[in-house]
Amino acid sequence: METPDFRRRDFGRLAALGVGGPALLAACGEGGGAHDASSVAATRSWKVSGQALSGMGGFDATVKSFMQARNIPCGQLAVARKGKLLLARGYTWSASTTLKTSPTSLFRIASISKPITATAVLRLMQEGKLKPTDKVATLLKLPTTADPRLKDVTVLRLLQHLGGWDRDKSPDPMFQDAAIAKALRKGLPVSRADIMKWESGRKLDHKPGSTYSYSNYGYMLLGRIIEKVSGQSYAAYVQSKVLGPRGIKRMKLAHGLTKATGEVPYYSSYKGATVYDNSGKQVAFPYGGFNIENMDAHGGWLSTAVDLTRFAQIYDGGTSVLNTASISRAFAKPETGVNASGWYYGTGWMVRPVTGGRNTWHDGSLAGTSTLLVRRFDGLTWAVLFDQRQEGSQPSYGDIDGALHKAANAVRTWPTGNLYGSYF
C-alpha cells in the first residue's frame, strides 16, 4: 500500500539535470485495466482549469503527456517560487462530461500527511510541551512486556523512522485490520487503540535507533502523542497551530466511505473485503479496502496542491508556525540512516544536501492516490496530485519527479506575479 519510492531521492542530487528515474507505483485506466487503455483513451477529452503566469506552459505540457500516457482521470499541480504562486491547475482526462478537476478540488494526499504531522510535533517542542527524548511508551502508556526495547523508542526516533518497526519483516499494522480483529476477538472496524494494543504485544524488528525503516505505524503514534500533549484532537491541533496561521482552510481529514465536497473520485482495479464491517463484501480498494480514518497522522489528509505549497513554505522560514531552530531540527541528520548516495529522512521530510542548499520532499501512495511535494534548493516548490497510482505494468509514476524538474529547468525567465491571492 502506502509506500515511498526511495530511489527517487536521486532526483534531489540530479535536480539541475532534470533526470528521470525508475518507477514509483502506477495506474489503471478509468473504468478498466491496462489492457483497454487505448480504447478508453479514444473516448476521453482533455480539460484544464485554473491559472498560470506567462512562461509556465512547460508544466502544463508535462502533466498532460504524463496523465494521457497513464489514463489518469484527475490531476492537480501548483508551482511556487520564493513565496509566490506561479501556477495553479486542475487537469481532467476523462470521457465524463461532469467530471472536472479544479485547483480547489480535494485529493487524498497519503504520506504527504507525514510532514504535516511532523510540523505539529515540532511546534509542540517549540512550545516546550514535548521533548525529542520523551519516551513514547511512557507518553501513551504502551505495555512493554512483549519487548522491553519499546521503552527506548523516543519521539525523535518516531519522527525519523528509527522506532524499530520494519514492514519488510513484519506486516504493516495499519493494513492488518482483519488479523487484528481476529486476534482481539472483536468485530470490524478496528480502532487505533486496537492497533496499538495488537502491535505492542509483538516484538520490534530492530533495536530502536539502530535501523532506518519507514513506518506508517510510528506516525500514527505521533498523532496520538499530539492529542495527549495538546489536549486537543489531532485534527484540531494541526488546524489551529499549523494550517490556520497559513490561511489554509480547505484541508481536512479523509473518510473512507463518504466523499467531501469537491473531492475527486479514486480509481483502482483492485478489490478487497471491506475493513469497515464483518460482511466480507468485496469493494473497490480505495473505498473500504483500508481504513483511512485510522491513518490520520500518517496518510489521512485531503488537500489541494495549492494548499500544500502554502504549507511547505513554513520551512522557508519567516512564518509564525516554526522558528529557525525548529526548521533546522526538521532537516538535521538522524543518528543513523544516511543513504550511501547522501539522502536521509529528517523529521517528516526526505532530505538531500546539494550545492547551494538542500532539496527536501515527500511522496504519497495509496490505492487510488499518487502524490509528490518538492522543495528545491533554489526556492522552487511544487505539489502534484493524481487520483490513481501504478498497478501492474503501467508506465512509471515516479517519472513525474524528473519530468517536473526538467520543466522547471527549462524556464529561463520566471514570472514576477503571485496567484496566491486567488486562493487565500
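Preceding this paragraph is the structure being described.
Chains are numbered independently. Their residues run from 1 in the order of the written sequence. Since the coordinates come from a predicted model, pLDDT governs what is reported: local features require at least 70, and pairs of side-chain atoms require 80 or more to be given and counted, while whole-chain, interface and lining totals use all residues. Each side-chain value is derived from all of the structure's non-hydrogen atoms; neither hydrogens nor water enter the calculation.

Colleague: Describe in detail the pairing of strand S10 (residues 350–354), supporting the description with residues and values.
Modeller: Buried means the residue's accessible area, taken with a 1.4 Å probe over protein chains only, is under 20% of the maximum for its type, while exposed means over 50%, and partly exposed covers the values in between. In DSSP terms, a helix is any run of H or I states spanning at least four residues, a strand is any run of E spanning at least two, and both are numbered starting from the N terminus. Of all five residues in S10, four are buried, a share of seventy percent or more. If DSSP finds at least two bridges between two strands, the strands pair. Two strands pair when backbone bridges link them, and strand S9 (residues 344–345) and S10 are joined in this way by two bridges, in the antiparallel orientation. Bridging across to S10, Tyr344 finds its partner in Val351. Taking the residues that link successive antiparallel strands as the turn, the S9-S10 hairpin has four residues, and the phi of Gly348 there is positive, at about 90°. Bridge analysis of S10 against strand S11 (residues 357–366) gives five bridges, and the strand direction is antiparallel.

Colleague: Now, about the sheet that holds strand S5 (residues 252–253): what can you tell me, with residues and values included?
Modeller: In spatial order, the strands read S4-S8-S5; together these three strands make up an open sheet with antiparallel pairing. This sheet does not close on itself; its edge strands, each paired only once, are strand S4 (107–108) and S5. Two strands pair when backbone bridges link them, and S4 and strand S8 (residues 301–303) are joined in this way by two bridges, in the antiparallel orientation. Bridge pairing links Phe107 to Ser303 in S8. Across the sheet, helix H10 (residues 234–243) touches S5 and S8, and the angle it forms with S8 is around 40°. Two residues form a contact once any of their heavy atoms are found within 4.5 Å. Axes, fitted as lines to C-alpha atoms, cover a helix only where it is in contact. Angles between the N-to-C directions of the axes lie from 0 to 180 degrees.

Colleague: Give me the lowdown on helix H3 (residues 57–70), citing residues and values where you can.
Modeller: Residue pairs spaced three or four apart in an α-helix point in one direction, given the helix's 3.6 residues per turn. Helix span, as expected, comes to 1.5 Å for every residue beyond the first. Taking 1.5 Å as the rise per residue, H3 with 14 residues should run 20 Å; its terminal C-alpha atoms sit 20 Å apart, in good agreement. Turning to H3, its buried residues are Phe59, Asp60, Thr62, Val63, Phe66, Met67 and Arg70. Projected onto a plane normal to the axis of H3, the buried residues spread over an arc of 165° and lie on a single side. In this structure, the buried side of H3 is in contact with strand S1 (45–52), strand S2 (74–81), strand S3 (84–94), strand S13 (380–386) and helix H14 (399–409). Note on H3: the residue one or two positions beyond its end, Asn71, has a positive phi of about 55°. Directions pointing from the helix axis toward each C-beta atom define the arc.

Colleague: Hey, could you go over the environment of Arg44 for me, with residue numbers and the actual values?
Modeller: When you line up the elements, Arg44 lands in the loop between helix H2 (37–41) and S1. The spacing of Arg44 and Pro73 is 29 residues in sequence and 9.0 Å in space, taken between C-alpha atoms. A polar side-chain atom of Arg44 sits 3.2 Å from the main-chain carbonyl oxygen of Asn71. Here a polar contact means two N or O atoms within 3.5 Å. Within protein one must be a hydrogen donor candidate and the other an acceptor candidate, and residues neighboring in sequence count only if both atoms are side-chain atoms.

Colleague: Quick one: what's the story with the packing of helix H8 (residues 192–200) against helix H9 (residues 216–230), residue by residue and with numbers?
Modeller: Between two packed helices, the angle of one axis relative to the other and the distance separating the axes together describe the packing. It is the contact of H8 with H9, at a shortest axis distance of 11 Å, that shows an interaxial angle of 125°. Accordingly, the angle class assigned to the pair H8 and H9 is oblique. As H8 packs across H9, the resulting crossing turns out to be left-handed. Side by side, H8 and H9 meet where Arg192, Ile195, Met196, Glu199 and Ser200 of the first sit next to Tyr217, Met220, Leu221 and Arg224 of the second. Residue classes follow a fixed rule: Ala, Val, Leu, Ile, Met, Phe, Trp, Tyr, Cys and Pro count as nonpolar, while Asp, Glu, Lys and Arg count as charged, and any other residue, Gly among them, counts as polar. When the residues that make up the contact of H8 with H9 are grouped by side-chain class, the tally is five nonpolar, one polar and three charged. Just so you know how the angles are binned, under 35 degrees is roughly parallel, over 145 roughly antiparallel, 65 to 115 roughly perpendicular, and the rest oblique. In this scheme the crossing of two helices becomes right-handed for a clockwise turn of the near helix relative to the far one and left-handed for an anticlockwise turn of less than a right angle.

Colleague: Pulling in residues and values, what's your account of empty space enclosed by the protein?
Modeller: For each structure, a 1 Å grid was placed over the protein atoms alone; sets of points admitting a 1.4 Å probe that cannot get out are labelled cavities, open sets with protein on both sides within 12 Å along at least five of seven lines are labelled pockets, and lining residues have an atom within 4 Å of a point. Grid points are joined across faces, edges and corners, and a volume is the space filled by probe spheres set on the points. One pass over the structure, following the stated rule, counts five cavities of 30 Å³ or more. The computed volume of the largest cavity comes to approximately 80 Å³. Lining the largest cavity we find 13 residues, and of these Trp165, Asp166, Arg167, Asp172 and Pro173 sit closest to its centre. For the lining of the largest cavity, the class distribution of residues is five nonpolar, three polar and five charged.

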